[in-house]
Amino acid sequence: MGIVKISNYNFTFCLFKEQHVPPIYHTIRNTRTGKNYVNPDSTLSKAWLSRITEIRCIPEYLKPVSHTLDNQLKELKISRIKGFHIDLTGFSCVTDYMNSKMGSKQRSRLKSRMKRLESCFDIRYEVYFGEIEKDRYEELFHNMQELIKRRFDQIGREFNQAGKLKALKKRAFDLILDKKASFHIIYADSRPIDICLNFHFQDILNGAIRSYDIDYAKFGLGHIDITKHVEWCLEHNYGILDFMWGDQSYKYDWCNNVAFLGHHIYYNPNSLVHRLIVPLRVLTYRFKDYKEAKKAEKQKKAALSRTANKAKPTERPEIQEIDLQNKTDAFLSEPYKEVSIHTATYFWLKPLVFNFQYQYRDHSTDITVRELTNLSNTYLVLGKNKGIKVLRSSI
């Protein structure tokens, strides 16, 4: 018995990130628009009969058509992973879509968060699609990596995607120039706080990589950037916004289509070896998926536990509210130096300052941060009418 070659492809990665289609398919049909894409790399060869070919992660709105070699290849379809996407067919604006998918309380909360973000900072929404300067691209990609790493550190998971991002970085610049990829950015006071890298195919926007600054968590950046994505898609006649796989709550909040992604296995039914190997692989996948589901459940519980116990009370800064109308507050007359929360020494103050802005709707230009020079580890965050005193535990 010779060694059987098994070819594996991730259809989504091939189509969107790598911009090619597995060669076993000669045509890709967009089931929404009826538009066909003819695969220029398609091959018709007897070699397909000697190998097992697996194609996974095929979204339901695309129908790939394979070479059959005169019906000598058999196709087995299995269901494994859920895919999430937004189908914008029939919607004219983002408000229409939100009304169809969300309740009034959820819509009101999202609108309130966006208004607060825009009232607290100079917010700019930018899309780089078709043009971007190389230096700007390099800077944004670096910022995106740093935001992702900080998020991994926050949830206590190892960031092991640096190698894959490095390889992607080499390709994505040209893809943006060719309108096959785009950067969607939210800037606050000229700083990128939300960076998404997307890929494009026909009328489909694939949300490949999403990142945001965790210090702005109170404002719900993830939901705001999806709102802007939906808005952009409708303005540019895109019918699908695809969030791929991964069981995350925001996808259920936004996606009106949750369905199993296609997983196709092609093999030669006249080969005894193929007929033995394919069922074994299917059983292996069933076991693997069961183990992955258990692992994901365990990680979710661990994450909730970490969130509930991420810091002991003695490790948290003590915060006291200050009424700036009360001129007798002794702390306001203490010697101080003004500090910037955007320098490394004072990064830890950022979420406290932003949460303060969220609560009182003060713009960043109206905020001053003081370090009291005569009192150890004591800081003041002052807005228009209110302020807070921050007492940090000794490090």
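Per chain, residue numbering runs from 1 following the sequence as it is written. Note on the predicted model: pLDDT of at least 70 is required for a residue's local features to be given, and 80 or more for side-chain atom pairs to be given and counted; whole-chain, interface and lining totals, by contrast, use all residues. Each side-chain value is worked out from all heavy atoms of the structure, with water and hydrogens disregarded.

Chemist: So what about the side chain of T378? Which residues, and what values?
Modeler: Think of it this way: any DSSP run of H or I at least four residues long counts as a helix, any run of E at least two long counts as a strand, and we number them from the N terminus. Looking at where T378 falls in the secondary structure, it is placed in strand 16 (residues 378-382). A 3.5 Å cut-off defines polar contacts: any pair of N or O atoms within that distance qualifies, except that in protein one atom must be a possible hydrogen donor and the other a possible acceptor, and neighbouring residues in sequence count only when both atoms are side-chain atoms. A polar side-chain atom of T378 sits 3.1 Å from the main-chain carbonyl oxygen of S376. When sequence neighbours within four positions are dropped, the list of residues in contact with T378 reads F331, R370, E371, L372, K389, V390 and L391. It only takes one pair of heavy atoms within 4.5 Å for two residues to be counted as in contact.

Chemist: Could you give an account of the sheet that holds strand 14 (residues 336-338), naming the residues involved and the relevant values?
Modeler: The strands making up a sheet associate through backbone hydrogen bonding, with each pair oriented either parallel or antiparallel. Only strands joined by at least two bridges in the DSSP assignment are considered to pair. In spatial order, the strands read 13-17-16-15-14; together these five strands make up an open sheet with antiparallel pairing. At either end of the open sheet lies a strand with only one pairing partner, and these are strand 13 (318-323) and strand 14. The mean angle between the axes of side-by-side strands here comes to 25°, regardless of whether they run parallel or antiparallel. Two strands pair when backbone bridges link them, and strand 13 and strand 17 (residues 386-391) are joined in this way by six bridges, in the antiparallel orientation. By the bridge assignment for strand 17, D323 is matched with K386. Strands strand 13, strand 15 (368-372), strand 16 and strand 17 of the sheet are contacted by helix 9 (residues 350-360), whose axis makes an angle of about 155° with strand 17. Between the N-to-C directions of two axes lies an angle of 0 to 180 degrees, each axis being a line fitted to C-alpha atoms and, for a helix, fitted only over the stretch in contact.

Chemist: Talk me through the nonpolar core; I want residue IDs and the actual numbers.
Modeler: Ranked by size, the top nonpolar core spans 48 residues in total, and within it I86, F121, V230, W254 and L349 carry the most contacts. The dominant element in this core, judged by the number of residues it contributes, is helix 6 (residues 221-235), at seven residues. Excluding residues within four positions of it along the chain, F121 makes contact with A188, D189, Y216, F219, F354, Q357, H363 and S364. Note on terminology: a nonpolar core comprises buried Ala, Val, Leu, Ile, Met, Phe, Trp, Tyr and Cys residues joined through side-chain atoms within 4.5 Å. Three exposure classes are used, based on accessible area relative to the maximum for each residue type with a 1.4 Å probe and protein chains only: buried under 20%, partly exposed in between, and exposed over 50%. Among the nonpolar cores identified, the runner-up in size contains 45 residues, and C14, L15, I28 and F152 belong to it.

Chemist: A description of the sheet that holds strand 3 (residues 36-38) should follow, citing residues and the corresponding values.
Modeler: Read across the sheet, three strands follow the order 3-2-5 without closing on themselves; strand pairing throughout is antiparallel. Here the strands that pair on one side only, and so sit at the sheet edges, are strand 3 and strand 5 (62-66). Averaged over all adjacent pairs, the angle separating strand axes in this sheet is 20°, with direction ignored. Here five bridges tie strand 2 (residues 25-30) to strand 5, and the two strands are oriented antiparallel to one another.

Chemist: Now, about helix 3 (residues 104-120): what can you tell me, with residues and values included?
Modeler: By definition here, a helix of n residues has an expected span of 1.5 Å times n minus one. The end-to-end C-alpha distance of helix 3 is 24 Å, a good match for the 24 Å that 17 residues give at a rise of 1.5 Å each. Listing the buried residues of helix 3 in full gives R107, L110, R113, M114, R116, L117 and C120. Where helix 3 is buried, its residues touch helix 2 (94-101), strand 7 (123-128), strand 9 (191-201), helix 6, helix 7 (249-254) and helix 9.

Chemist: How would you sum up the pattern of salt bridges? Please name residues and give values.
Modeler: Any carboxyl oxygen of Asp or Glu within 4 Å of a side-chain nitrogen of Lys or Arg constitutes a salt bridge here. On inspection of all chains with the given rule, the structure shows 19 salt bridges. A salt bridge links K228 to E231, with the shortest nitrogen-to-oxygen separation between them at 2.9 Å. Residue K228 and its partner E231 are both found in helix 6; the two are separated by three residues, about one turn of the helix. Owing to a relative accessible area of 27%, E231 belongs among the partly exposed residues under this scheme. Overlapping salt bridges, with partners in common, bring together R150, D213, D215 and K350 in one network.

Chemist: Kindly report on the packing of aromatic side chains, identifying the contributing residues and their values.
Modeler: Here is the rule: rings of Phe, Tyr and Trp (six-membered ring for Trp) pair when centre to centre is within 6.5 Å. Planes less than 30 degrees apart are stacked, more than 60 are edge-to-face, and the remainder are tilted. The full count for this structure, using the stated rule, is 21 aromatic pairs. Between F129 and W232, the aromatic rings sit 5.4 Å apart at their centres with planes inclined by 85°, giving edge-to-face as the arrangement. In this pair, F129 sits in the loop between strand 7 and helix 4 (134-154) while W232 sits in helix 6, placing the two residues 103 residues apart along the sequence. Centroid distance Y137 to F173: 5.2 Å. Interplanar angle 55°. Geometry classified as tilted. Here the residue Y137 occupies a position in helix 4, and F173 occupies one in helix 5 (residues 162-177), the gap between them amounting to 36 residues. We classify F173 as buried; its relative accessible area is 14%. Counting as a charge over the ring demands two things of the Lys NZ or Arg CZ atom: a distance within 6 Å of the ring centre and an angle within 35 degrees of the ring normal. Its guanidinium or amino end placed over the ring of W48, R51 lies 4.7 Å from that ring's centre, counting from NZ or CZ. Here R392 stacks its cationic end above the ring of W348, 4.0 Å away from the centre of that ring.

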